[in-house]
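One-letter residues, chain by chain:
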Amino acid sequence: DATWEKVNKLKLEAVDAAGKRTPVPFARDKAQLNATVPAGTTAVVGALDYGTFAKGDAKPRALRFYPKAVVTGADAATGAGLEVVAVAEAGKVRFRVLAAGKPVAAAKASVMVPEKGEKEDATTDEQGLTPAFAAKGRYGVTVRHEEAKGGEADGVKYETTLHVATLVVDVK
């Protein structure tokens, strides 16, 4: 369908401990994407310029998506347009939201907390950090950040761009 056609534009890269990036091909399998990453991969990062979308009577917006999964080791910033970085401190984890490498204050994050099986809403402080979480296990974080940056895509004019970043990371 049309959504999967847009998702096929996703570019995934494996990142190793030295920061070397290697393209990662993927294939669609029903409602998921499958990929095999090279040995030594510490994270998989991606970028997708989805195009425009509008809900109901709302004006069209551009959507840019930045997924990231930490495979092994510590999380690090990758320089994506919008990203979430896990920050360990005092036996807990916080999540830093960065746009073009700079902290985003007052960003709204949705955090899937291990053991609870439900999401918690969080807002970043001036340093772009969420409150701390104590649970160990796999976290899933989604952040949305809208900017007044317009343009035109596929013949559709838009006034704002919605950036969405996700992070999946295991906290031990």
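Sequence order sets the numbering: in each chain, residues are counted from 1 along the sequence as written. For a predicted model such as this one, the threshold for reporting local features is a pLDDT of at least 70, and the threshold for listing and counting side-chain atom pairs is 80 or more; totals across whole chains, interfaces and linings nevertheless cover every residue. The basis for the side-chain values is all heavy atoms of the structure; hydrogens and waters are excluded.

Enquirer: Tell me about the pattern of salt bridges, and name the residues and values.
Expert: Any carboxyl oxygen of Asp or Glu that lies within 4 Å of a side-chain nitrogen of Lys or Arg is treated as forming a salt bridge with it. According to the stated counting rule, one finds ten salt bridges in the structure shown. Asp49 serves as the salt-bridge partner of Arg64, at 3.7 Å between the closest nitrogen and oxygen. In this pair, Arg64 is assigned in strand 6 (residues 61-70) and Asp49 in strand 5 (residues 41-53), connecting sequence segments 15 residues apart. Of the charged contacts, one joins Glu89 and Arg94 as a salt bridge, the two residues approaching to 3.3 Å between their closest N and O atoms. Look at the salt bridges and you will find they share partners, linking Lys68, Asp75 and Glu83 into a network. Think of it this way: any DSSP run of H or I at least four residues long counts as a helix, any run of E at least two long counts as a strand, and we number them from the N terminus.

Enquirer: With reference to specific residues and values, describe the packing of aromatic side chains.
Expert: Only rings of Phe, Tyr and Trp enter the pairing, Trp through its six-membered ring, and a pair is recorded when the two centres are within 6.5 Å. The plane angle decides the type: under 30 degrees is stacked, over 60 is edge-to-face, the rest tilted. For the coordinates displayed, the defined rule picks out three aromatic pairs. An angle of 65 degrees between the planes, with centres 6.1 Å apart, marks the rings of Phe133 and Tyr139 as edge-to-face. A 1.4 Å probe rolled over the protein chains alone gives each residue an accessible area, and that area as a share of the maximum for its type sets the label: buried under 20%, exposed over 50%, partly exposed in between. On the basis of relative accessibility, which here comes to 8%, the residue Phe133 falls in the buried class. Assessed through its relative accessible area of 1%, Tyr139 is described here as buried. Among the aromatic residues, those joined into a cluster by ring pairs are Phe95, Phe133 and Tyr139.

Enquirer: Go over the sheet that holds strand 9 (residues 102-103) with me, naming the residues and quoting the values.
Expert: Read from one edge to the other, the open sheet built from three strands follows the order 7-8-9, with strand pairing classed as antiparallel. Edge strands, defined here as strands with exactly one partner in the open sheet, are strand 7 (82-89) and strand 9. For two strands to count as paired, DSSP must find a minimum of two bridges between them.

Enquirer: Tell me about unusual backbone geometry, and name the residues and values.
Expert: With a phi angle near 50 degrees, Ala100 is a residue other than glycine that sits in the positive phi range. Residue position: Ala100 is located in the loop between strand 8 (92-99) and strand 9. Phi at Ala106 takes a positive value of approximately 65 degrees, unusual for a residue other than glycine.

Enquirer: Describe the environment of Lys6, listing the residues and the values that go with them.
Expert: Inspection of the secondary structure assignment puts Lys6 in helix 1 (residues 2-7). Overall, Lys6 belongs to the partly exposed group, its relative accessible area being 22%. Sequence separation of Lys6 and Gly101 is 95 residues, and the distance between their C-alpha atoms is 26 Å. In this description, contact between two residues means that some pair of their heavy atoms is separated by no more than 4.5 Å. Not counting the four nearest positions on each side in its chain, Lys6 is found in contact with Leu48, Tyr50 and Thr52.

These values are about where atoms sit, not about what they do.
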